[in-house]
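Fold and geometry: a report
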Amino acid sequence: MTSPRVRFAPSPTGYLHVGGARTALFNWLYARHNGGIFVLRIEDTDVERSSWEMVAGILDGMKWLGLDWDEGPEVGGPHGPYFQSERLDRYREAAARLIAAGRAYYCYCNPDDLKAKREAAEQAGQSWSYDRACAVLSNEEISDREAAGAPRAIRFRMPDGATAYDDVVHGRIEFDNSVLEDFVVLRSDRYPTYHLSVVVDDIDMGITDVVRGDDHISNTPKQVLLYEALGAPVPRFAHVPLILGPDKRRLSKRHGATSVMEYARQGFLPEAMFNFLALLGWSPGNDRELFTREDLVTAFSLDGISSSNAVFNPEKLEWFNSQHIARLTGDEITPRIEPVLREMGLWDDALRGERREWFHRVIEILKPRAKKLRDLAEQGRYFFTDPAEYDEAAVKKHLAAPGLAVHVAAWRETLAGVDPFSPAAIEAALRACAESQGIKAATLIHATRVAVTGQGVSPSLFDVVALVGRDTTVQRLARLKQFLDSTSV
């Protein structure tokens, strides 16, 4: 089997969204699994809506996910250029070839008139297709229009019969050509339509397999006919299921973030998004869910793609993210969380130096509760600075015991002398202090948690206290006593 050549061809009319990223990922995995070539090209012939900002956004999204391309922008390659706006002559040459071969014809119809006819038919509840008025023009009529400089498009001449292709995901698909109108391949402004540009590009770039969304199924018979009319082999097609929101409607902005870089800003790991997207419409054939990038390259095949639509579940994505966060070492997490800590004013360069080991221990006890990278910083703020205030609910629930200020003062004195300052020694000292004060250990545990973290919940308190340190904990207990003395709690 020849090594496959696949492509991802986004339009720079928006940032890289989830659906496009999943399509790119499937193509990338297929190429990497089979030792093939992954081509990135930019379909920027929509001049009014395309922008360099969007191109940069797409490239950033691809790089963040780790989807490197073998040919395309910033990389080059033997089949460039990889921007459609730089390939207009190729499309015009192909359209001329279709005219010369009798597979297409000039259309002088006014686009506005055709649009009006189509809309009128739709309002009447009827279907409408081009009536081939220009397909039967005589040579004299064509010459007159050419001499008058009449604007003209080029339409593909639909043959009789049917057009069929074998889809890797859906099996044999066949269309009756009678329901497919003679479609425009080159507009009167000499810009190609999607059908012509994508086929010419795929031919020139030697694409062997086209992996794309289900919404392109109806486009495929027209493109199959174009491949054949241009004398090129038809690539293999695999149309992957659409991605739906939890409400089973097509994924859109109403479901939250759809740009992959927005997920990056929210604190999702690229490894987690990669893993999550791979399983949206594809299965390894077992119940396994957690994969590394390398695992997915080994396991991936087009045969594993489902024909059913996939559902984007934000809670599931958070679960994947938490699992991949748990897999990271302290050294791997540090450069990812540093920007967040800097933003919050909590970063200290010592966390990469003499406090590195301590910082890694902090990360380890925060990991189990973290769904996003930012959670590590926000939930662990008290490791880096004193709590600004106590959580109101925690105050009401845990600081209402009679005489608590006295008990906190006794515990503070006891804690100051604990040696070694380890979780086990701290716990033993607290329980002994509580017993001597005639109160339950839980009373001191909850009060200490509020004093140290400002919250009513945290990782194991004794681990937290050991990491916060003796001096800081003693100071925070003193502050809590002052708070208790100054309130009616």
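Our subject in this report is the structure included herewith.

Criteria and thresholds
Residues numbered from 1 in each chain as written. Predicted model: local features only at pLDDT ≥ 70, side-chain atom pairs only at ≥ 80, totals over all residues. Heavy atoms only, no water. Helix = DSSP H or I, 4+ residues; strand = E, 2+ residues; numbered from the N terminus. Rg over C-alpha atoms; globule rule 2.2 N^0.38 Å. Buried < 20%, exposed > 50% of the residue type's maximum accessible area, 1.4 Å probe, protein only. Contact = heavy atoms within 4.5 Å. Areas by Shrake-Rupley, 256 points an atom, 1.4 Å probe, with all protein chains shown as cover. Lys, Arg positive; Asp, Glu negative; His and termini not counted. Charge placed at Lys NZ, Arg CZ, Asp CG, Glu CD. Core = buried A, V, L, I, M, F, W, Y, C linked by side-chain atoms within 4.5 Å. Phe/Tyr/Trp six-rings, centres within 6.5 Å; stacked < 30°, edge-to-face > 60°.

What to know about the overall build of the protein chain
- Secondary structure assignment for the protein chain yields 20 helices and eleven strands.
- Relative to a compact globule of 489 residues, whose C-alpha radius of gyration would be 23 Å, the protein chain shows 32 Å and is clearly more extended.
- For the protein chain, the spread of C-alpha atoms along the principal axes amounts to about 110 × 50 × 40 Å.
- Burial analysis of the protein chain (489 residues in total) assigns 48% to the buried set.
- The long-range share in the protein chain, meaning contacts at least 24 apart out of those at least 6 apart in sequence, stands at 75%.
- Only carbon and sulfur atoms are counted for the fraction: they give 48% of the accessible area of the protein chain, which is about 23,100 Å².
- When the 58 positive and 69 negative side-chain charges of the protein chain are each reduced to one mean point, those points stand 3 Å apart.

So, the nonpolar core
- Residues L29, M62, L277, F312, F383 and W411 are the most contacted members of the largest nonpolar core, which totals 109 residues.
- At nine residues, the largest contribution of residues to this core is made by helix α1 (residues 18-33).
- What F312 contacts, discounting residues up to four positions off in sequence, is V18, I243, L244, G245, P246, L251, Y263, F276, L280 and L317.
- Within the second largest apolar cluster, 33 residues are counted, among which are M158, I173, L180 and A229.

Some points on the packing of aromatic side chains
- Taken as a whole and judged by the stated rule, the model has 19 aromatic pairs.
- Summarising the aromatic geometry, the rings of Y106 and Y108 are spaced 6.5 Å apart at their centres and angled 55° between planes, so their arrangement reads as tilted.
- Geometrically, the ring pair formed by Y263 and F268 is edge-to-face, given 5.7 Å between the ring centres and 70° between the ring planes.
- A relative accessible area of 6% means that Y263 is categorised as buried.
- Take F268: its relative accessible area is 5%, and that puts it in the buried class.
- An aromatic cluster is present here, built from Y263, F268, F276, F312, W319 and F320 joined pairwise through their rings.

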